[in-house]
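Below, each chain spelled out in residue letters.
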Amino acid sequence: VMTYDILAFDPGSVTDVDFPAWWNEQSRWAESHSYDDAAVTTPSLSNFYNELIQTFPPMNGPDSPTDAQLDQNPDLEDRLTDYSIGTAVVYGAFAWSQKPEARELFTSLASKHGVAVTLVSDAGEILRPPGQ
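Residues numbered from 1 in each chain as written. Predicted model: local features only at pLDDT ≥ 70, side-chain atom pairs only at ≥ 80, totals over all residues. Heavy atoms only, no water.

Caption draft 1: A look at unusual backbone geometry. Although it is not a glycine, Trp29 sits at a positive phi angle of roughly 50 degrees. Residue placement: Trp29 occurs in the loop between helix H1 (19-26) and helix H2 (43-52). If you check the backbone angles, Ala123 has positive phi at about 65 degrees while not being a glycine. In this structure Ala123 comes out as exposed when scored by relative accessible area, which is 82%. (Helix = DSSP H or I, 4+ residues; strand = E, 2+ residues; numbered from the N terminus. Buried < 20%, exposed > 50% of the residue type's maximum accessible area, 1.4 Å probe, protein only.)

Caption draft 2: Inspection of the environment of Thr81 at higher detail. Inspection of the secondary structure puts Thr81 in the loop between helix H4 (76-79) and strand E2 (82-85). Sequence separation between Thr81 and Ala95 is 14 residues, and the spatial gap between their C-alpha atoms is 7.0 Å. Discounting residues that sit within four places of it in the chain, Thr81 has contacts with Phe56, Pro57, Pro58, Met59, Gly92, Ala93 and Phe94. (Contact = heavy atoms within 4.5 Å.)

Caption draft 3: Summary view of helix H5 (residues 99-113). The end-to-end C-alpha distance of H5 is 21 Å, a good match for the 21 Å that 15 residues give at a rise of 1.5 Å each. Turning to H5, its buried residues are Ala102, Leu105, Phe106, Thr107, Leu109, Ala110 and His113. Tucked inside the fold, the buried residues of H5 contact strand E1 (3-9), H2, strand E3 (89-95), strand E4 (116-119) and strand E5 (125-127). A positive backbone phi angle near 70 degrees is found at Gly114, which sits one or two residues after H5. (Expected span 1.5 Å × (residues − 1).)

Caption draft 4: The arrangement of the nonpolar core in detail. One finds Phe48, Leu52, Tyr83, Val90, Phe94 and Phe106 to be the most contacted residues of the largest nonpolar core, which totals 22 residues. Those elements that provide at least two residues to this core are E1, H2, E2, E3, H5 and E4. Residue contributions to this core peak at 5 residues, all from H5. The contacts of Leu52, once residues within four sequence positions are left out, are Tyr83, Phe94, Leu105, Phe106 and Leu109. Val14, Val89, Tyr91 and Ala116 belong to the second largest nonpolar core, which has 10 residues in total. (Core = buried A, V, L, I, M, F, W, Y, C linked by side-chain atoms within 4.5 Å.)

Caption draft 5: Representation of the packing of H2 against H5. Two elements in contact, H2 and H5, have axes separated by 9 Å at closest approach and are oriented at 145 degrees. Between H2 and H5 lies a crossing of right-handed hand. Taking contact as the criterion, the partners of Ser44, Asn47, Phe48, Glu51 and Leu52 in H2 are, on H5, Leu105, Phe106, Leu109, Ala110, Lys112 and His113. Split by residue class, the contact of H2 with H5 holds 6 nonpolar, 3 polar and 2 charged. (Axes fitted to C-alpha atoms, helices over the stretch in contact; angles between N-to-C directions. Left-handed = near helix turned anticlockwise from the far one by under 90°. Nonpolar A, V, L, I, M, F, W, Y, C, P; charged D, E, K, R; others polar.)

Caption draft 6: A look at the sheet that holds E1. Pairing is antiparallel in the open sheet, where 5 strands are placed in the order E2-E3-E1-E4-E5. Strands at the two margins of the open sheet, each flanked by one partner only, are E2 and E5. Averaged over all adjacent pairs, the angle separating strand axes in this sheet is 15 degrees, with direction ignored. The pairing of E1 with E4 spans 3 bridges and is classified as antiparallel. When the bridges of E4 are listed, Phe9 appears paired with Ala116. Sheet strands touched by H2: E1, E2 and E3. Its angle to E3, the strand with the most contacts, is close to 20 degrees. Contacts from H5 reach E1, E3, E4 and E5 within the one sheet, and its direction differs from that of E1 by about 0 degrees. (Pairing = 2+ DSSP bridges.)

See the structure below:
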């Protein structure tokens, strides 16, 4: 199944020029922690994630909905998202059918919380918060 992938990252972590090599290292997922807990990331990325999951809940981890919640809200299942959370990144793999809404919410929340975004599934365009 194809997913629509977007990355949020700490804008102070890397320049646009150094991004490809940095992302190559980050995407090895080699940090010594679980990748489904927002406690490991920066405060701004954690706040961003906690607001994002109100609309796009995680498939896995401590914040994922219960079976009862899924039964009560059938369209919730379509919005389940596979997140990977690192010390400086929040990676979201959304259902392709959710692309327009996911991209809009992800980018607006990133701007609100001052985190940078890479539109992985859209040719890797990098969006930085205003003024950075």
